[in-house]
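Fold and contact review
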Amino acid sequence: MGSTPDNAMLDQPCAMRRAMKGIRSVLHKEDTLLDVLDRYPEAIRVMREYEAETGHCICCEMLFATIEEVATHYRLDLELLMQRLEVRK
(Lines give C-alpha, C1' and ligand atoms only; values in the text may rest on other atoms or scores of the structure.)
Protein backbone atom coordinates (compact mmCIF):
# COMPACT_ATOMS: atom_id res chain seq x y z
CA MET A 1 0.00 0.00 0.00
CA GLY A 2 1.68 3.21 -1.17
CA SER A 3 1.71 6.51 0.61
CA THR A 4 -0.08 9.45 -0.89
CA PRO A 5 1.65 12.82 -0.53
CA ASP A 6 -0.78 13.73 2.26
CA ASN A 7 -0.06 10.53 4.19
CA ALA A 8 3.68 10.91 3.66
CA MET A 9 3.53 14.37 5.19
CA LEU A 10 1.73 13.01 8.27
CA ASP A 11 4.71 10.74 8.94
CA GLN A 12 7.08 13.73 9.22
CA PRO A 13 8.04 15.41 12.54
CA CYS A 14 5.89 18.36 13.60
CA ALA A 15 8.45 21.03 12.72
CA MET A 16 9.01 19.54 9.30
CA ARG A 17 5.26 19.52 8.57
CA ARG A 18 5.04 23.20 9.51
CA ALA A 19 8.03 24.03 7.30
CA MET A 20 6.55 22.07 4.40
CA LYS A 21 3.35 24.09 4.73
CA GLY A 22 5.36 27.32 4.73
CA ILE A 23 4.37 28.14 8.31
CA ARG A 24 7.05 29.37 10.69
CA SER A 25 5.47 28.90 14.08
CA VAL A 26 6.50 29.16 17.67
CA LEU A 27 8.45 26.51 19.47
CA HIS A 28 6.62 23.40 20.67
CA LYS A 29 7.74 20.97 23.36
CA GLU A 30 7.51 18.16 20.78
CA ASP A 31 10.14 19.81 18.55
CA THR A 32 13.54 18.18 18.60
CA LEU A 33 16.59 20.07 19.72
CA LEU A 34 17.90 19.73 16.17
CA ASP A 35 14.72 21.38 14.80
CA VAL A 36 15.07 24.25 17.27
CA LEU A 37 18.74 24.87 16.50
CA ASP A 38 17.97 24.77 12.79
CA ARG A 39 15.18 27.35 13.10
CA TYR A 40 16.85 29.50 15.77
CA PRO A 41 20.66 29.33 15.33
CA GLU A 42 21.04 31.86 18.15
CA ALA A 43 19.63 29.23 20.53
CA ILE A 44 23.04 27.54 20.64
CA ARG A 45 24.12 30.21 23.14
CA VAL A 46 21.26 29.22 25.44
CA MET A 47 22.18 25.55 25.14
CA ARG A 48 25.84 26.31 25.95
CA GLU A 49 24.69 28.03 29.16
CA TYR A 50 22.64 24.98 30.12
CA GLU A 51 25.60 22.75 29.26
CA ALA A 52 27.81 24.73 31.62
CA GLU A 53 25.14 24.44 34.33
CA THR A 54 24.61 20.69 33.92
CA GLY A 55 28.17 19.69 33.08
CA HIS A 56 26.91 17.78 30.03
CA CYS A 57 27.10 18.44 26.31
CA ILE A 58 23.34 18.50 25.80
CA CYS A 59 23.65 19.10 22.07
CA CYS A 60 25.88 16.02 21.77
CA GLU A 61 23.78 13.79 24.00
CA MET A 62 20.22 14.88 23.15
CA LEU A 63 20.27 16.42 19.65
CA PHE A 64 17.44 14.18 18.42
CA ALA A 65 15.38 14.37 21.62
CA THR A 66 12.37 16.61 22.03
CA ILE A 67 12.62 19.78 24.09
CA GLU A 68 10.38 18.11 26.65
CA GLU A 69 12.70 15.08 26.85
CA VAL A 70 15.74 17.35 27.28
CA ALA A 71 14.05 19.25 30.11
CA THR A 72 12.98 16.03 31.84
CA HIS A 73 16.36 14.34 31.46
CA TYR A 74 18.32 17.27 32.91
CA ARG A 75 15.59 18.39 35.34
CA LEU A 76 15.21 21.77 33.67
CA ASP A 77 12.15 24.01 33.83
CA LEU A 78 10.45 23.24 30.52
CA GLU A 79 8.62 26.56 30.18
CA LEU A 80 11.75 28.58 30.96
CA LEU A 81 13.83 26.52 28.56
CA MET A 82 11.31 27.07 25.77
CA GLN A 83 11.11 30.80 26.45
CA ARG A 84 14.88 31.15 26.40
CA LEU A 85 15.23 29.14 23.20
CA GLU A 86 12.65 31.28 21.39
CA VAL A 87 14.43 34.55 22.12
CA ARG A 88 15.90 35.90 18.90
CA LYS A 89 18.24 38.90 19.19
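Our subject is the structure listed above.
Criteria and cut-off values
Every chain is numbered on its own, with residues counted from 1 as its sequence reads. Local features in this predicted model are restricted to residues whose pLDDT is 70 or higher, and side-chain atom pairs enter the listing and the counts only when it is 80 or higher, whereas totals over whole chains, interfaces and linings include all residues. The basis for every side-chain value is the complete set of non-hydrogen atoms in the structure, without hydrogens or water. Note on disulfides: each one is a pair of cysteine sulfur atoms within 2.5 Å. Throughout, exposure labels follow a simple rule: accessible area from a 1.4 Å probe, protein chains only, divided by the maximum for the residue type, with under 20% read as buried, over 50% as exposed, and the rest as partly exposed. Only runs of H or I of at least four residues qualify as helices and only runs of E of at least two qualify as strands under DSSP, and these elements are numbered from the N terminus. In this description, one arc is meant: the one made by directions from the helix axis to the C-beta atoms. The contact criterion used throughout is that any non-hydrogen atoms of two residues lie within 4.5 Å. N or O atoms closer than or at 3.5 Å make up a polar contact, with two conditions inside protein: a donor-capable atom paired with an acceptor-capable one, and, for residues adjacent in sequence, both atoms drawn from side chains.

What about the state of the cysteines?
- Scanning the entire structure with this criterion turns up 1 disulfide.
- The side chain of C57 participates in a disulfide bridge whose partner is C60; the two sulfur atoms lie 2.4 Å from each other. Residues C57 and C60 are joined by a disulfide whose S-S torsion is about 55°; by sign, that bridge is right-handed.
- Lacking any disulfide linkage, C59 is separated from the closest cysteine sulfur, that of C57, by 5.9 Å.
- A relative accessible area of 11% means that C59 is categorised as buried.

Some points on helix 7 (residues 78-86)
- Turning to helix 7, its buried residues number three or more, namely L78, L81, M82 and L85. Considered in projection along helix 7, the buried side chains sweep an arc of 95° and stay on one side of the axis.
- Tucked inside the fold, the buried residues of helix 7 contact helix 3 (33-39), helix 4 (43-54) and helix 6 (67-74).
- Where helix 7 starts, the residue carrying a side-chain oxygen 3.0 Å from the main-chain nitrogen of E79 turns out to be D77.

The values are spatial; any link to function lies outside them.
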